[in-house]
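Letter by letter, the chains look like this.
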Amino acid sequence: MKVLKKLLTNPTSLAGILLLIAFAGVALFAPQIAPVPERSRDPQMIPRDGFSTTPKPPSEEHPFGTTEGQYDIFYGVVWGTRTAFRVGVVITLITTLVGLAVGAIAAYYGGWVDELLMRITEIFQAFPYLLAAITLSSVLQTIYGRGEAAGLMFLAKLLAFLTFGHDLREPVDPIQLSVLTGMIAIIAFGWMTYARVIRGNILAIRDQEYAMAAETIGASGPHILFKHLMPNAVFPVLVIASMDIGSYVLSFASLSFLGLGAQVGYADWGQMISFARNWIPSLATYWYIVAYPGITIVLFVLAWNLVGDALRDILDPRLRRGKGAGI
Amino acid sequence: MLAYIIRRLMILPILALGVTMLIFLMISMLTPYERAALYVQDVPKRQGAIDGIIKKYGLDDPIPVQYWKWMVGNEDPETGEIKGGILRGDLGWSKTGKSSVVEVIQRRMPATVEMAVWAAIPMIGIGIWLGVVSAVNHNKFLDQILRVFSIVGWSIPVFVFGLAVLMIFYARLGWFPPERLSDWASQVVQSTAFMRYTQINTIDSLLNGRFDIFVDAVRHLILPVITLAYLNWAYLLRVTRSSMLDTLRQDYITTARAKGLSHHTVIWTHAVSNALIPVVTVAGVTLVSLLSGVVITETVFNYPGMGSFLAESAVTLDVISVLGVTLFGSVILVLGNLVVDVLYGIIDPRIRLD
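In this text, all values refer to a predicted model and were calculated from it rather than measured experimentally.

Visitor: Which parts of the structure should I look at to understand helix H7 (residues 158-172) of chain B?
Guide: Given 3.6 residues per turn, any residue in an α-helix points the same way as the ones three and four places further on. The terminal C-alpha atoms of H7 of chain B lie 20 Å apart, and with 15 residues this matches the ideal 21 Å at 1.5 Å per residue to within 8%. A maximum bend of about 35° is found in H7 of chain B at Leu166 of chain B. Of all the residues in H7 of chain B, the buried ones are Val158, Phe159, Val160, Phe161, Gly162, Leu163, Leu166 and Met167 of chain B. As for H7 of chain B, its buried residues are in contact with helix H12 (245-258), helix H13 (269-274) and helix H14 (288-315) of chain A together with helix H10 (211-248) and helix H12 (263-300) of chain B.

Okay, structure coming up:
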């Protein structure tokens, strides 16, 4: 509660929170703001108004204009909010859980388990993040193209359930599959920092007096782990990880921009901006194909970063002490 | 010191083994047919010919056997010729590059190096300078402005920033074009009269005495370099600022002030030298992270380097090329991190005694 009060009194984090509320409102009321046309197969697919290859400037019918192929930019920006929230929240949730599990197991068991898990973590960190995500998503797309790989399809289904509330008994829609592929690629190479931080935190706390005291009075191992170590070591990491949603949205948008995330026509900001690659010499005329989705994604990520920045200040006591010192 | 370096070096074999295993795990998810490009230049379309190749190179052998062959090379049973083998420096054939993956990397690498080196200088210099300024003006107006600048900078995707500067400085003003050289300049560079000493245009042009080509190369580099640098400014600014704030609270700084040294000397001689210790690591890591940054930047600016090659091959699902470049990238990343660690050990004695 004290944290929340501080967030609401700090002008920058308040601005971030207000922006997030606005975005959540847009996502929630997307059907009212940009109605879905009657014959739409999936509301996340942007409706097209013809097939002309030249983008059209903003007009009464299309407030933000249309991209090449006549996808309505306003519709894409509005429904893209849903994609951003879904992708960001689910990626953050799963990367943190994986990191949490690996880090806690390594710290709790120690010895060769710790050694092994930390080496694996280092191996994953030996890949340049974006390169690895690009690689994995191109490999996965090749496999999906064959229509085999039951294990991966199960993973995709599980993710589809978390992301879209998809029925586990039904096969995954190919439209959603391209989104899920990008998400899996980011998750696979995104959990390592959390594992290391959580492990470090648990190890540091384990040696503190209150943890030793609990051990002395005969508390069981799991009791100490879940009752004493986890809350203190993990809670701050969870809070900070939740603010990484913005950067995961950025990573996913980058994949989409390269053509490895959401498929063409999907309401996703990165995918929409990728149209601009064909119009670089004439961007001065077709500014709206970059400007509207571009400004939206910047505001969305900025909102998370504003809150996250303030939260780090509040949660990191070392920094807090620094505030009073004054230079 | 030596013991510290040796300890760091001992991790390398484990990392190398892990990285190659992970890469091969992805290769093993492909079909034997798709794997054929590891050893064969033109994979035939006819079923009989494909089966022959699969048999010849053991592409449906057990995975450990295939891993071994992929590492040391695969011998053609008829001619005795060895093909593939990443330890021999053979990463297979690239459909996208229409040559071997290693050749494509050699061809494209200088362009990426040129961009990264040009970006590194303003990136680190300006980033650290802004951080120091921010810390010295702690909680004053300038600090707040820089704080907002860094958060906003951190929130702009590379491709949005790149397209925005292209919109203004290329499409509107026509000052700084995309790609690597103008048509006339690349004709000169590719002609026999032009000596390619380093493959790096800005250096070669000066060595050849062609100042006009140097100017053209710089004109093409300015926008991508700014794009690569701006994101890291924000990051370096914040690390330098907090490290500087810590240092400024130390007793020896108070002593230096008390004995009457000028503000300038205290800040730039006494404080900065110590405050930069943690920044060295971050700056090093940032340099290495340019590897990821170049993929998007080169794609936006249509710049013919490694990053845009990776993006092109990924979109066409040319997985062998993608995996080759990624393997190469992670070797650079691991070696780069090693250099940073060793440097850190040299600068800060506390680390190596740990």
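Alright, that's what it looks like, and here's the rest.
Visitor: Even after reading the chapter, I still don't get the packing of H7 of chain B against H10 of chain B, so can you show me in this structure?
Guide: Packed helix pairs are specified by the crossing angle of their axes together with the interaxial distance, meaning the distance between the axes. Residues and elements named next belong to chain B. Between H7 and H10, whose axes approach to 10 Å, the crossing angle comes to 145°. Seen from above, H7 lies across H10 with right-handed handedness. Together, Val158, Phe161, Gly162, Val165, Leu166 and Phe169 of H7 and Leu223, Ile226, Thr227, Tyr230 and Leu231 of H10 make up the contact between the two elements. Residue classes in the contact of H7 with H10 are distributed as nine nonpolar, two polar and no charged.

Visitor: I would appreciate a short explanation of the interface of chain A and chain B in the present structure.
Guide: Reports often express the size of an interface as the amount of accessible area lost when the parts come together. Taken residue by residue, the interface counts 46 residues in chain A and 46 residues in chain B. At the level of elements, helix H5 (111-125), helix H6 (129-146), H12, H14 and helix H15 (317-325) of chain A are the ones that each hand at least two residues to the side of chain A that touches chain B. A per-element tally of the side of chain A that touches chain B places H6 of chain A first, with 12 residues. A per-class count over the side of chain A that touches chain B returns 32 nonpolar, 11 polar and three charged.

Visitor: I'm lost on the confidence of the model for chain B in this one. Help?
Guide: Parts of the prediction with low pLDDT should not have their coordinates interpreted in detail. Chain-level pLDDT for chain B is 82 on average; 98% of the residues reach the 70-or-more range. For this predicted complex, the interface score ipTM comes out at 0.86, alongside a pTM of 0.88.

Visitor: Is there a simple way to think about helix H11 (residues 221-242) of chain A in this case?
Guide: All names here are of chain A. Helix geometry: H11 is bent most strongly at Met230, by close to 60°, with proline Pro231 lying one to four residues after it. Every buried residue belonging to H11 is among Leu229, Ala233, Val234, Val237 and Ala241, and all of these are buried. Where H11 is buried, its residues meet helix H4 (73-109), helix H9 (192-206) and helix H10 (209-216).

Visitor: I'm lost on the nonpolar core in this one. Help?
Guide: Across soluble globular proteins, you tend to see nonpolar side chains buried next to one another. Within the largest apolar cluster, 185 residues are counted, with the highest numbers of intra-cluster contacts made by Ile134, Met183, Val249 and Leu283 of chain A together with Met115, Leu163 and Leu310 of chain B. A per-element tally of this core places H10 of chain B first, with 18 residues. Setting aside residues up to four positions removed in sequence, Met183 of chain A forms contacts with Val87, Val90, Ile91, Leu159 and Phe252 of chain A.

Criteria and thresholds
Residues numbered from 1 in each chain as written. Chains lettered and ligands numbered in written order. Predicted model: local features only at pLDDT ≥ 70, side-chain atom pairs only at ≥ 80, totals over all residues. Helix = DSSP H or I, 4+ residues; strand = E, 2+ residues; numbered from the N terminus. Expected span 1.5 Å × (residues − 1). Bend = angle between axes of the 7 residues up to and from the residue. Buried ≥ 20, exposed ≤ 12 C-beta atoms within 10 Å, placed from the backbone. Contact = placed C-beta atoms within 7 Å. Axes fitted to C-alpha atoms, helices over the stretch in contact; angles between N-to-C directions. Left-handed = near helix turned anticlockwise from the far one by under 90°. Nonpolar A, V, L, I, M, F, W, Y, C, P; charged D, E, K, R; others polar. pLDDT = per-residue confidence, 0-100. Core = buried A, V, L, I, M, F, W, Y, C linked by C-beta atoms within 7 Å.

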